[in-house]
Amino acid sequence: NPIPADASTATGVLFHPRLNIFTVEWHEQGKQRVRWFRAQYGFERAKQSAESFRRCLVQAGRVDNRRTEREIRQHRIQEYDSRKLFKKKFAKKDSRRLGNSGTKLGPLWRVRRDYQ
């Protein structure tokens, strides 16, 4: 049995006859993403565009379940570094430790050395 004209052999490429569009669905960074390709200006053109777009996504490593171990590791390192920078930028700072004078909190508390 041949494949129908509105079906695609590529994973994640679907045709919606009510809207007359091809969609490409993929998961990237834990989010589901969808891109539409209108078939109004050419049915085969939209199908080919959708399939080539999906191939480009897989080659670029943007599809989560198609990533290599190296790409996954690099992505995690990048996320860790950005989270670390965010924490550093927005850490709550005590005004007494910054050397500001006249704070209502008073002088810095002294604690025993064995508590530190």
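Okay, so let's go over this structure.

Rules behind the numbers
- Residues numbered from 1 in each chain as written.
- Predicted model: local features only at pLDDT ≥ 70, side-chain atom pairs only at ≥ 80, totals over all residues.
- Heavy atoms only, no water.
- Buried < 20%, exposed > 50% of the residue type's maximum accessible area, 1.4 Å probe, protein only.
- Helix = DSSP H or I, 4+ residues; strand = E, 2+ residues; numbered from the N terminus.
- Pairing = 2+ DSSP bridges.
- Salt bridge = Lys/Arg side-chain N within 4 Å of Asp/Glu carboxyl O.
- Lys, Arg positive; Asp, Glu negative; His and termini not counted.
- Contact = heavy atoms within 4.5 Å.

### Considering the pairing of strand β2 (residues 21-28)
Summarising burial for β2: six of the eight residues are buried, a large majority. Of the pairings in the sheet, the one linking strand β1 (residues 13-16) to β2 comprises four bridges and is antiparallel in character. By the bridge assignment for β2, Leu14 is matched with Thr23. Between β1 and the antiparallel strand that follows it, β2, lie four residues; Asn20 among them carries a positive phi value of about 60 degrees. In the sheet, β2 pairs with strand β3 (residues 31-38) via eight bridges, with the strands oriented antiparallel. If you follow Ile21 over to β3, its bridge partner there is Arg38. Count of turn residues in the β2/β3 antiparallel hairpin: two residues, of which Gln29 carries a positive phi of about 55 degrees.

### Things to note about the pattern of salt bridges
This model, assessed by the stated rule, comprises two salt bridges. Two residues, Glu28 and Arg33, come together in a salt bridge whose shortest N-O distance is 3.4 Å. Given the relative accessible area of 9%, Glu28 is considered buried. Where Arg62 meets Glu28, a salt bridge forms, and the shortest distance between an N and an O atom there is 3.1 Å. Separated by 34 residues along the polypeptide, Arg62 in the loop between α1 (43-60) and α2 (69-89) and Glu28 in strand β2 bring together distant segments of the chain. Sharing partners across several salt bridges, the network here consists of Glu28, Arg33 and Arg62.

### Describing the side chain of Arg54
By the element assignment, Arg54 lies in helix α1. Buried charge Arg54 goes without a salt bridge, the closest partner of opposite sign being Glu25 at 8.0 Å. With residues near it in sequence (within four places) discarded, Arg54 still touches Thr11, Gly12, Val13, Val24, Glu25, Trp26, Val63 and Arg66.

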